[in-house]
Amino acid sequence: MKRNILPVLALLFGTLFLFTGNGLHSLLLPVRGTAEGYATTTLGLLGTTWATGFVLGCLTAPKLVRRIGHVRAFSGFISVIAIIALLTGIIVDPIWWVALRAVTGFCTAGTSMIIESWLNERATNESRGAIFSLYIGITLIGAVAGQMMVPFADVHTPILFMVCGICYCIAMLPTTLSTAASPQPLKAVSLDLKALYRNSPVASIGILLVGIANGAYGTLGAVFGAKAGLSQSDIALMMSSTIFAGAVMQLPAGRLSDRIDRRYVLAGMAAIAALDGLLLFLLKPGSPAFLISMVVIYGAVANTLYPIAVAHANDFAAPEDFVKVSGGLLLLYGIGTIIGPTLSGPVMSSIGPYSLFFVTAIAHVLITSYSIFRSRMRAAKPAGDRDAYTTMPSANAQMITPESMSLARSETSKKDDITVNYGT
């Protein structure tokens, strides 16, 4: 195992700083934007354009990497991200922020796919699960560390934007200085909606709705916290705690879905998220401790939905199609994350900050209803014939790429493999 891990330690070190910068910048922008008095609709567009850029990056970045090579592409992507992080601290303007956020999303997809393809090349079937777990754990630590930096400086100054730029520059060093051979070219991803829906209607519709809910909260959660009266440190704590809660909850939820119909687990988790969201909307708790506790419960259950839906889709797919199906579902999730902030921003502007959870509750009620409906239309796979449940990154920490789906599972994966790769 040491022989497999040691060659990628430098790359993982760079990954830590990449996601530290991502975590800090993604929270800093809405917090600073709220302090500047930007409209909630505008702040929602920060998530919309980022997700749009990320999806486009998943689709087109492999072509660019094949043309110029992994190292040059990686350096170029991170350089652009660092420049944008610094620019957003200099040019404090919502129009520029929204436009530049799309470029950041595109480049983030490119850097993530390059890192994951590099790790995938170094991994063997025996070490793949450990490397994937270590990678996801590092992205989680990085994202949370970045978010927790927000309370330590004045968001009205360029200091934290400069810290973002420093993190990105450090992330670039291990790869640019490495003498290791570049991995194989990235694979292009295609989206066949009809085939995805035929394979698993619940996974296709469910993941689109999960993307809407997670995209809304991931983008506007900090805005909600600020408008609900939370301090900067409380906002950072709330956003980080939901990531950790979702990570911890994935393993018990996944084990439960290995024993009973995954659609029932999906429906149950979505129902809890819907109930919690509705209570937040109706009660509008004023106590910061109580408010954060309720949001953490929301994050714990909401972040289990994506991996359960992916596992359900793979239950009905051939082993050789796992990565293709998961990659297609990822793009559906990305489309949902484009829709979520676009819908939620105007709703929050009209009804108030707590209406964010009314939007997520609607999405989760639809997931519950459709999962129960479909459970009566097709029998569940017997437990022994199901695909292995694999935990995924918490949605608010990282959007996964098709390359991470390749890294997550062995190329010789069998449906009777019951190991759980607990990454987050």
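Here's a quick rundown of the structure. Predicted model, so just to flag it, every value in this text is computed and none were measured. (Residues numbered from 1 in each chain as written. Predicted model: local features only at pLDDT ≥ 70, side-chain atom pairs only at ≥ 80, totals over all residues. Heavy atoms only, no water.)

1. Some words on the overall build of the chain
Then comes step 1: Each helix and strand in the chain was counted, giving 16 helices and zero strands.
Then comes step 2: Taking contacts inside the chain between residues at least 6 apart in sequence as the whole, the part at least 24 apart equals 88%.
Then comes step 3: In the structure as shown, the chain presents an accessible area of about 15,900 Å², 68% of it carried by carbon and sulfur atoms. (Helix = DSSP H or I, 4+ residues; strand = E, 2+ residues; numbered from the N terminus. Contact = heavy atoms within 4.5 Å. Areas by Shrake-Rupley, 256 points an atom, 1.4 Å probe, with all protein chains shown as cover.)

2. Thoughts on the packing of aromatic side chains
Then comes step 1: Under the definition given, this model contains 13 aromatic pairs.
Then comes step 2: Here Tyr217 and Phe357 contribute two aromatic rings whose centre-to-centre distance is 6.1 Å and whose plane-to-plane angle is 45°, an arrangement assigned as tilted. Here Phe357 lies in helix α15 (residues 356-375) and Tyr217 lies in helix α9 (residues 201-227), a separation of 140 residues in the sequence. Across this residue pair, the class does not change: Tyr217 and Phe357 are buried.
Then comes step 3: Taken together, Tyr217, Phe224, Tyr298, Tyr354 and Phe357 form an aromatic cluster joined through their ring pairs.
Then comes step 4: Note that Lys284 overlies the ring of Phe281, its terminal NZ or CZ placed 4.7 Å from the centroid.
Then comes step 5: Above the ring of Phe316, the side-chain terminus of Arg378 is found at 3.7 Å from the ring centroid. (Phe/Tyr/Trp six-rings, centres within 6.5 Å; stacked < 30°, edge-to-face > 60°. Buried < 20%, exposed > 50% of the residue type's maximum accessible area, 1.4 Å probe, protein only. Lys NZ or Arg CZ within 6 Å of the ring centre and 35° of its normal.)

3. Overview of the side chain of Ser344
Then comes step 1: Topologically, Ser344 is positioned in helix α14 (residues 322-351).
Then comes step 2: Setting aside anything within four residues of it in sequence, one finds Ser344 in contact with Ala216, Leu220, Leu356 and Val359.

4. Quick look at the pattern of salt bridges
Then comes step 1: Considering all chains together, one arrives at four salt bridges under this definition.
Then comes step 2: Among the salt bridges present, the one from Asp258 reaches Arg262, with a minimum N-O distance of 3.0 Å.
Then comes step 3: We classify Asp258 as partly exposed; its relative accessible area is 22%.
Then comes step 4: Arg262 gets classed as buried once you look at its relative accessible area, which sits at 2%. (Salt bridge = Lys/Arg side-chain N within 4 Å of Asp/Glu carboxyl O.)

5. Let's talk about the side chain of Thr108
Then comes step 1: Inspection of the secondary structure assignment puts Thr108 in helix α5 (residues 94-122).
Then comes step 2: A residue is classified by how much of its surface remains accessible, and Thr108, at 4% relative accessible area, is buried.
Then comes step 3: There is a polar contact of 2.7 Å between the side chain of Thr108 and the backbone oxygen of Thr104.
Then comes step 4: Other than its neighbours up to four places away in sequence, Thr108 contacts Asn22, Trp50, Phe54 and Ile81. (Polar contact = N/O pair within 3.5 Å; in protein donor to acceptor, adjacent residues only side chain to side chain.)

6. Remarks on the state of the cysteines
Then comes step 1: For the structure on display, the rule yields zero disulfides.
Then comes step 2: Unpaired in this structure, Cys167 has its nearest cysteine sulfur neighbour in Cys164, at a distance of 6.6 Å. (Disulfide = S-S within 2.5 Å.)

7. Some words on the packing of α9 against helix α12 (residues 288-302)
Then comes step 1: The N-to-C vectors of α9 and α12 enclose an angle of 160°; their axes lie 12 Å apart at closest approach. Overall, the two elements α9 and α12 adopt an arrangement that is roughly antiparallel. Relative to α12, α9 is oriented so that their crossing is left-handed. Of α12, the residues touching α9 (which contributes Ala213, Asn214, Tyr217 and Phe224) are Leu291, Val295, Tyr298 and Ala302.
Then comes step 2: For the contact of α9 with α12, the residue count by class is seven nonpolar, one polar and no charged. (Axes fitted to C-alpha atoms, helices over the stretch in contact; angles between N-to-C directions. Parallel < 35°, antiparallel > 145°, perpendicular 65-115°, else oblique. Left-handed = near helix turned anticlockwise from the far one by under 90°. Nonpolar A, V, L, I, M, F, W, Y, C, P; charged D, E, K, R; others polar.)

8. Here we look at the nonpolar core
Then comes step 1: Grouped together as the largest cluster of nonpolar side chains are 96 residues, with contacts concentrated most on Phe224 and Leu329.
Then comes step 2: The dominant element in this core, judged by the number of residues it contributes, is α9, at 13 residues. (Core = buried A, V, L, I, M, F, W, Y, C linked by side-chain atoms within 4.5 Å.)

9. Details of the packing of α12 against α15
Then comes step 1: Across the interface, α12 lies against α15 with an axial gap of 13 Å and an inter-helix angle of 30°. It follows from the interaxial angle that α12 and α15 lie roughly parallel. You can see that α12 and α15 cross each other, and the crossing is left-handed. Contact residues: α12 offers Val295, Tyr298 and Ala302, while α15 offers Phe357, Thr360 and His364.

10. Some remarks on the environment of Gly47
Then comes step 1: Within the secondary structure, Gly47 sits in helix α3 (residues 40-68).
Then comes step 2: Look at Gly47 and you get buried, because its relative accessible area is 10%.
Then comes step 3: A C-alpha to C-alpha distance of 8.9 Å links Gly47 and Ser26, two positions 21 residues apart in sequence.
Then comes step 4: Residues in contact with Gly47, not counting those within four places in the same chain, are Thr219, Thr337 and Pro341.

11. Remarks on the environment of Ser349
Then comes step 1: Along the chain, Ser349 turns up in helix α14.
Then comes step 2: The spacing of Ser349 and Ala39 is 310 residues in sequence and 7.3 Å in space, taken between C-alpha atoms.
Then comes step 3: Excluding residues within four positions of it along the chain, Ser349 makes contact with Thr40 and Thr41.
Then comes step 4: Within polar-contact distance, the side chain of Ser349 engages the side chain of Thr41 at 3.4 Å.

Read these as spatial facts, not as claims about activity.
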